[in-house]
Amino acid sequence: MPLQAAEFFAELCLPFQDRAVVGNTYFATPAPGAPLRLRIDFTRTIHADTYGGLRIAVVHPDRGEIDAVALGFVEHGTFHRRDEASTIRPNTKQYGTFDNYHRPGRPPWDGAVTTGLRDAIKQYAAVWFPGTWTESAPSRAPGRTAIPAPAPSAPHNGSRAR
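Procedures and definitions
Residues numbered from 1 in each chain as written. Predicted model: local features only at pLDDT ≥ 70, side-chain atom pairs only at ≥ 80, totals over all residues. Heavy atoms only, no water. Helix = DSSP H or I, 4+ residues; strand = E, 2+ residues; numbered from the N terminus. Buried < 20%, exposed > 50% of the residue type's maximum accessible area, 1.4 Å probe, protein only. Contact = heavy atoms within 4.5 Å. Areas by Shrake-Rupley, 256 points an atom, 1.4 Å probe, with all protein chains shown as cover. Phe/Tyr/Trp six-rings, centres within 6.5 Å; stacked < 30°, edge-to-face > 60°. Pairing = 2+ DSSP bridges. Salt bridge = Lys/Arg side-chain N within 4 Å of Asp/Glu carboxyl O.

## Regarding the overall build of the protein chain
If you tally the helices and strands in the protein chain, you get 3 helices and 6 strands. Starting at the N terminus, the α and β elements of the protein chain follow one another as α-β-β-β-β-β-α-β-α. A burial count over the protein chain gives 33% of its 162 residues as buried. Put simply, 48% of the contacts in the protein chain that link residues at least 6 apart link residues at least 24 apart. Surface exposure of the protein chain reaches about 10,800 Å², of which carbon and sulfur atoms provide 53%.

Laid out in structure tokens, this is it:
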């Protein structure tokens, strides 16, 4: 069964303009004109067709892979809500992972909360591609109960104003 990788990476809302998903791999050129590329793959676990995170790599066209880091789903809370609601226990095959098998009409990574992964990718990209991260997701508007912060008071200098 397909991983629906394009949909997963779309849900991450990565802001890179020059990007493509080929198979189950995301490729991007965060800094246009620069030789470095960003590659993101799903990391496998010891269980067949089961994925436990993402592997992000910086790749140079001539020198190959320059740096890489693994971002585990468990460490970034990707499936915490799903696992807690389903009473999936830690140290089991299903905990913090997803596999190729899923309910019809649902992605295999159903229930994923990608905020932690997105933040980690943002931090990693800032190291290798400073200034290239532009927010693609609209920022949330403040709710009706939002209260503006009070302006800071003027410092007291010991004299009285009349």
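## Quick look at the packing of aromatic side chains
The full count for this structure, using the stated rule, is 9 aromatic pairs. A ring pair is formed by F9 and Y26, whose centres lie 5.3 Å apart and whose planes are at 40°; its orientation type is tilted. Of the two residues, F9 is situated in helix α1 (residues 5-12) and Y26 in strand β2 (residues 25-28); the sequence distance between them amounts to 17 residues. Residue F9 shares its accessibility class with Y26, and that shared class is buried. Measuring from ring centre to ring centre gives 5.4 Å for F9 and F42, while their planes differ by 35°; the resulting arrangement is tilted. A residue pair is termed long-range when its members are at least 10 positions apart, and F9 in helix α1 and F42 in strand β3 (residues 37-44) qualify at 33 residues. With respect to class, F9 is no different from F42; both count as buried. Among the aromatic residues, those joined into a cluster by ring pairs are F8, F9, Y26, F42, Y51, F73, F79 and W109.

## A short note on the pairing of strand β5 (residues 64-72)
As paired elements, strand β4 (residues 50-60) and β5 share 8 bridges and run antiparallel to each other. Bridge pairing in β5 links H60 to G64. The loop that links β4 with its antiparallel partner β5 comprises 3 residues.

## Quick word on the pattern of salt bridges
For the coordinates displayed, the defined rule picks out 4 salt bridges. Here E65 makes a salt bridge to R55, at a shortest N to O gap of 2.7 Å. Placement of the pair is E65 in strand β5 and R55 in strand β4, with a sequence separation of 10 residues. Relative accessible area serves as the criterion here: at 30%, R55 is assigned to the partly exposed category. Residues R106 and D110 are paired through a salt bridge, measuring 2.7 Å at the closest nitrogen-oxygen approach. D110 sits in the partly exposed class, given a relative accessible area of 23%. Overlapping salt bridges, with partners in common, bring together R39, D41, R55 and E65 in one network.

This is a description of form; function is not addressed.
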